[in-house]
Each structure stands twice: as structure tokens, then as C-alpha cells.
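# Structural features, examined
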Amino acid sequence: MSGFVRGSVGYNDLGLPGMWTRRIGKDVYEVFIGPQHPGSGHTRIIIWVDGDIIVDSEIDMGYVHRTMEKLSEGRQWIKAIPLFERMAIHDACNVTLPYVRAVEKLLDVEPPERASYLRVLLCEINRIAAFLYGFGIFGVFLGHSTMYMWPFGDREVWVELAEWLTGARLTHTYPVFGGVRRDVPAGFTDALRKAIRYMRRRLEDYRKIFVDNPVIRSRLEGVGVIPKKIAVELGITGPNLRASGVEYDVRMNHPYEVYDRLDFEIPVFEEGDAYARVLQRVEEIKQSLRILEQVADWLDKHEKTPIMAEKFWKTAPPLYKKVFQEQGRVKLPATFAIMKVPAGKAYERGETARGEISYYVESNGANKPYRVRIHSPSARNAIVFKYILPGHRVMDLPAIYGSIDYFPPEADR
Amino acid sequence: MNAQELVERIKAVLGDTVKKIEVHKGEDYIEVEVDKDSIIDAARKMKEFGFDHVHDLTVVDYMKEGYFRVIYNLGSYTVKELSYFIVGLAYNIPRDNPQTVSLTRVYTTAEFQEREAFEGFGVIFEGHPDLKPLLLAPPVAEQRPLRKDFIVKEEPEIKR
């Protein structure tokens, strides 16, 4: 394996962590950013600069790679769910839902209607929490400390709601094959409506202090432009794709759960620059709030019906059934641990906060997957750092990196 | 458009190169097996047809049968009626000589994904501009950890 990474000297010989530079030509310097850099997260961006201009760039990822695809081959089907949600712990429902749905396809199981609504409920709560997390990190990048503090504080509202619903702040393992683990607690929809009102007010505050801030605008406008054609060619995904003018969202183009029954729009911006990507995320939070309102209405109007497919809990012991019927809580019966999935292949995708995640699941009829291939949104967006950075100033790098909302644990899997 | 109509249209687009077409559960995933030698040609035709990006590149190791199955799962951003579907362009290569051609000339998207298939399974994509491991450190990547005969000592549950 000769000729590994062009910037692999740090890996092989010098072993110095962090940021260092090396002179390549008369005027070109090689600059290593990360993986311990406070901004870049657990990834390394290597740039070659001529003066202040980036002439070439590369991303060296994999610092938080946890071999999920391999590990899942040694786990029972159900145990892969808590494994996969480690990709993006604050976006756990969105990340694991396509896996659950792929296995449901192989099992020929449909979740009950109420379970579908509850899945959408947590998906949208997760989505807002993940966007706010992204905004916070973006604030750090731009040296805007208020925009770091505020979204992180407001994220707590959504994390608390998720905790109330599922019992865990993060890594909820909420959707399981055939349904969800818990029904909504009493008084939940009122709290949800309050949170929605609060968030709408806060978005207005964000606009005043961050989005319309002339300093922020001058840092972001016209920076990191990804034209529509290039965005498609690079196959980037999520809000970044839609900010470049491509109207594509899995929730619309391949509707899953009850998204086709809900009334919402897919915002699209044409500019494709870092500022458009910020506006895109603000608009998407608004749409998520709209979806949550409709889900809250539905939950208020409908009686508590089963949240788990009949197939799974009819064989459960009487005590389990009692808990299930009286408390709306699923204590997973042993069926899940010994479950064998019929042989076959399934492909399923879903829209997470950062973009489209897809699972290729293959079973050979055993109690463990034969092969699970995950392609996460950040892994698909990583290619941007190779093709979009050159030509920009070093100062623009944090603005572009933050606006892409790249999340290393999710990219590395 | 439903899956059967799309199958007919793919047959018309790809012509003789198609060896087998299979619609998987859910009616939204179509696997098209083509000949290894005609993969670039088939990919070009699919791109013209509207599948504009590689959604995901999957390699599956069938150790007992002695081959790898390389599946380029293609998706469409720009053609709305196609965007509901994923089409897996698949072919088999022998396990002991996993040489094949890179699709980066057709799909820029494939670049990072082929690097991932290279490090996990050791599939050599000829014509790739920069074939090197993506996530793994070189000594680990040398062992091709995603192959079925790679044993993880700490995880005895992972069977071949």
C-alpha cells in the first residue's frame, strides 16, 4: 500500500498531533487541521495554501470509526439498533428508523398507525435538537458565542421532551420492529405545544442576533457556493442539497411512516452558499414545528390504541400484556432475542437532520444480519471538503465546514 | 410509475447487458445484474436515463460461493418519478482476484465509496484517481476487515 495519504507524514514519522505546517514548494504550505483541533471535531482536514488561498484540500476521516457494519454481523437483529444509534446520539430515532423499517420489510410486519405517528413525533423532535446542535457548533466556528449558548440551551427543551417520551435523553432505541416502545405520557402534548410556541419565538431571536447580523452575513454570503449541477454530481445530501436548489427530501420523494398524510413543505434555496444553508436549516425547523403541531392534534383526537404490531405481543406472557395495556409500555418479549428474519434483501432510506441515510440489509435466514451496509449523510457530504474548498481563503474554511454541518461520528460509523 | 414499469424501461435502456433483474421487498429496490465487462457502459446509460448519483456502494462477501458481489445503488435527485426508486447495478467478481474497474469516470460520487470498498474488502478499482483507505489505518486496512474470514477475537459471535 505505497502512496497512502499525501499528508500521512504525521501518521508515520513525526506523529505530532494537532496542527502543523510543512513547506511544499516555494510558496505552498501544507497545513494540517485536526484531528484534535477544537473546531474540526474528530476529523482532519489537510489543506495546501498559497499565501492565504487554499489551492488543494483533502479530508482524512475515520478517527471515530467503530466498525459498525462488522459488529452488526455478530449481534441479534434487535441489538443492532442501540449500536447504530451511536452514529448520532441526538438524532437517534432518525438514524435507526430506516434499519427498523428495512427489517420490518423482510419480516412483512407493518407498525400500527399510532406507532407511526409516534415515530414521526420523535423523529421531528430529534431533527430540531440536531439542527440546534449544528447551529451551536456553527456559532463556535464563527466566534459568535451567543449563537453557541442559545441553541445549546434551547436544545435542552427538545431533549427533555424526548426523555419524557422515551426515558432517555439521547440514544432512545424508541422504534423497534413492529412499533415503538412507549406511548405518550399524560400531559405530553400540552408540553409539546408550549415548546413549539417557545421555539417559534426563539427563531425570531436567532434571526435578530445571528441570521440578519451583518458580520455573519459578510462571512457567509457567497462563500462555499455549491451550484446545483455540482451538488448533484457530488451526491451531497440533506439541507446542503436543498440549499443548492435541488428539491429532494426522502420524506417527500419516498414517503415513509405517515409523512404523506401530513401537511408540510420542503424549503429550497437557489444560492447554494453557506448563508443559504443557514436559512435552509431555519426554514426546516419551522416545517418540523408544523409537523409536530399536526402530530399533537392527531394524538389528542385519537384514543390510545396498540403501539406494537399484534404479531409480536400476542405470544407475550400475561404480565407483559398487563404492563402493555395499562401503562402503554412495551417490555420486549423474548421473541425479539431469538427472532430469525426470512432470507432476502431490503433497502431502506430515511431523512435525518443532516441528510439521507440508507441501509442495505441482507439476511440469510439466521438470527443475525448477514450484511448491513450503512451510508450516512455526513459520509456523503465529506466529499465536499475535497472539491469545494480550493479557491477559498483559510478564513472561509470554518464557515464552510460549519455550514455543511459535518458530524464525524456519523460519517465514520 | 410502479416497479414493473421501471423494470421494463431499464431493460429497454440497458438492452443485452442485463443478466437478471429482481424486484426486492417493498417494491422500491430493483437489483439489476450486469456483466462485469459492460459495467461502465451500463452506468453511462443509467446516468443518461436519470439516475444521477451513486447512493451507496455495497460489497457483499459470499465466501462459501467464492465471490464478491459489488452493488452500485443508484438514485436520482433530478427526475422526480425515478427518485422513489433505488436501482442496484450489480456484478460478481472472484474472491481470489478482486479486480474490477472504477466508475469514478462516470460518477464522481463513487470516489469515496470505492475507497471504502477497497479498504474493507480489498476490491481493486482500476482507474480510480486516488485509491487508498478512507476510514481505516493502513495496517488494519491491509487485513480487509469486512471480509467474512476476518476474525474479531473480541467478538466471537461474528461467524463466517
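Residues numbered from 1 in each chain as written. Chains lettered and ligands numbered in written order. Predicted model: local features only at pLDDT ≥ 70, side-chain atom pairs only at ≥ 80, totals over all residues.

Scanning chain B from N- to C-terminus turns up four helices and seven strands. In chain B, the order of α-helices and β-strands from amino to carboxyl end is α-β-β-α-β-β-β-β-α-β-α. In terms of its C-alpha atoms, chain B occupies a principal-axis envelope of roughly 50 × 35 × 25 Å. By residue count, 42% of the 160 residues in chain B fall in the buried class. (Helix = DSSP H or I, 4+ residues; strand = E, 2+ residues; numbered from the N terminus. Buried ≥ 20, exposed ≤ 12 C-beta atoms within 10 Å, placed from the backbone.)

If you tally the helices and strands in chain A, you get 19 helices and nine strands. For 413 residues, the compact-globule formula gives about 22 Å, and the C-alpha radius of gyration of chain A, at 22 Å, lands near that figure. Counting only C-alpha atoms, chain A reaches 80 × 50 × 35 Å along its principal axes. Considering only intrachain contacts with a sequence separation of at least 6, the fraction spanning at least 24 residues in chain A is 68%. (Rg over C-alpha atoms; globule rule 2.2 N^0.38 Å. Contact = placed C-beta atoms within 7 Å.)

The subject of this paragraph is the nonpolar core. Among soluble globular proteins, nonpolar side chains are generally buried collectively. Y99, V103, L122, V361 and A382 of chain A together with V87 and L89 of chain B are the most contacted members of the largest nonpolar core, which has 154 residues in total. Of all the elements, helix 5 (residues 113-141) of chain A adds the most residues to this core, at 18 residues. Residues within four places of V103 of chain A in sequence aside, it is in contact with W77, F177, V341 and V361 of chain A. (Core = buried A, V, L, I, M, F, W, Y, C linked by C-beta atoms within 7 Å.)

The interface of chain A with chain B comprises 37 residues on the first partner and 34 residues on the second. Listed by contribution, the elements that provide at least two residues to the side of chain A that touches chain B are helix 2 (68-72), helix 4 (92-107), helix 9 (228-234), strand 7 (344-352), strand 8 (355-363) and strand 9 (371-375) of chain A. In terms of residues, the side of chain A that touches chain B owes the most to one element, strand 7 of chain A, which gives four residues. Broken down by class, the residue content of the side of chain A that touches chain B amounts to 16 nonpolar, ten polar and eleven charged. (Nonpolar A, V, L, I, M, F, W, Y, C, P; charged D, E, K, R; others polar.)

Moving on, we get to helix 1 (residues 3-14) of chain B. For helix 1 of chain B, built from twelve residues, the straight-helix expectation of 16 Å at 1.5 Å per residue is met to within 8% by its first-to-last C-alpha distance of 16 Å. Following helix 1 of chain B by one or two positions, G15 of chain B adopts a phi angle in the positive range, close to 65 degrees. (Expected span 1.5 Å × (residues − 1).)

Next up on the list: the confidence of the model for chain B. Within chain B, residue pLDDT values average 87, and 98% of them lie at 70 or more. Interface confidence in the predicted complex, given as ipTM, is 0.89; pTM for the same model is 0.88. (pLDDT = per-residue confidence, 0-100.)

Attention now moves to the environment of K19 of chain B. Looking at the element boundaries, K19 of chain B is found in strand 1 (residues 18-23). Each C-alpha atom, one on K19 of chain B and one on R105 of chain B, is 23 Å from the other, the two residues being 86 residues apart in sequence.

It is worth spelling out the pairing of strand 3 (residues 44-50) of chain A at this point. Residues and elements named next belong to chain A. In terms of burial, strand 3 is largely enclosed, as six of its seven residues are buried. Sheet analysis places strand 2 (residues 28-33) next to strand 3, joined by six bridges and oriented antiparallel. Bridge assignment links F32 to a residue of strand 3, and that residue is I46. As paired elements, strand 3 and strand 4 (residues 53-60) share seven bridges and run antiparallel to each other. Bridging across to strand 4, I47 finds its partner in S57. Adjacent in sequence and paired antiparallel, strand 3 and strand 4 are bridged by two residues, among which G51 carries a positive phi angle near 65 degrees. (Pairing = 2+ DSSP bridges.)

Residue and element names in this part refer to chain B. With mixed pairing, five strands are arranged side by side in an open sheet as 1-2-5-4-3. In this open sheet, the two edge strands, each paired with only one partner strand, are strand 1 and strand 3 (53-62). Strand-to-strand, the axes of this sheet are offset by a mean angle of 20 degrees, without reference to chain direction. This element, helix 1, spans strand 1, strand 2 (29-34) and strand 5 (86-94) of the sheet and lies at about 170 degrees to strand 1. Here helix 3 (residues 110-121) sits on the sheet in contact with strand 3 and strand 4 (67-75), set at roughly 10 degrees to strand 3. (Axes fitted to C-alpha atoms, helices over the stretch in contact; angles between N-to-C directions.)

Another aspect to go through is the packing of helix 5 of chain A against helix 12 (residues 274-301) of chain A. All names here are of chain A. It is at 9 Å that the axes of helix 5 and helix 12 come closest, and there the two elements cross at 155 degrees. Of the possible angle classes, the one that applies to helix 5 and helix 12 is roughly antiparallel. The element helix 5 and its partner helix 12 pack so that their crossing is left-handed. Here Y117, V120, L121, E124, R127, I128, F131 and G134 of helix 5 lie close against helix 12, whose contacting residues are R281, E284, I285, S288, I291, L292, V295, W298 and L299. (Parallel < 35°, antiparallel > 145°, perpendicular 65-115°, else oblique. Left-handed = near helix turned anticlockwise from the far one by under 90°.)

Bringing unusual backbone geometry into the picture now. Phi is mostly negative for residues that are not glycine, and the peptide bonds are mostly trans. Residues and elements named next belong to chain A. For E257, which is not glycine, the phi dihedral falls at a positive 45 degrees. Considering the arrangement of structural elements, one finds E257 in the loop between helix 11 (250-253) and helix 12. Exposure remark for E257: the 21 C-beta atoms within 10 Å place this residue in the buried category. Even without a glycine there, the phi angle at R413 is positive, about 60 degrees.

All names here are of chain A. Their axes nearest at 9 Å, the elements helix 12 and helix 18 (residues 396-404) cross at an angle of 30 degrees. With respect to helix 18, the axis of helix 12 lies roughly parallel. By crossing handedness, the relation of helix 12 to helix 18 is classed as left-handed. Residue-level inspection shows A274, R277 and V278 of helix 12 in contact with helix 18, the latter providing A399, I400 and S403.

Turning our eyes to something else, we now look at the confidence of the model for chain A. Averaged over chain A, the pLDDT score is 85; the fraction of residues at 70 or greater is 93%. Overall, residues 1-19 of chain A carries pLDDT values under 50, and its contacts beyond four positions in sequence, including any with other chains, amount to 22 contacts.

A few words now on the pairing of strand 9 of chain A. For a regular strand, side-chain orientation follows a simple rule: the groups alternate between the two sheet faces. Residue and element names in this part refer to chain A. The buried fraction of strand 9 is high, at five of five residues. Both faces of strand 9 are covered, namely the face carrying R371, R373 and H375 and the face carrying V372 and I374. As judged from the five bridges shared by strand 8 and strand 9, these two strands associate in the antiparallel manner. Note that in strand 9 the partner of E362 across the bridge is R371.

This paragraph deals with the environment of R127 of chain A. Residue and element names in this part refer to chain A. Tracing the backbone through its elements, the reader meets R127 in helix 5. Accessibility expressed as a C-beta count within 10 Å gives 25 for R127, which makes it buried. It is 9.3 Å that separates the C-alpha atoms of R127 and E351, two residues lying 224 residues apart in sequence. The contact partners of R127, leaving out residues within four places of it in the chain, are N94, S288 and A353.

Residue and element names in this part refer to chain A. The three strands are arranged 7-8-9 in an open sheet whose pairing can be described as antiparallel. Of all strands in the sheet, those with a lone pairing partner are strand 7 and strand 9, marking the two edges. Across the sheet, the axes of successive neighbouring strands diverge by a mean angle of 10 degrees, strand direction being ignored. With respect to the sheet, helix 4 is in contact with strand 7 and strand 8, its orientation differing from that of strand 7 by roughly 155 degrees.

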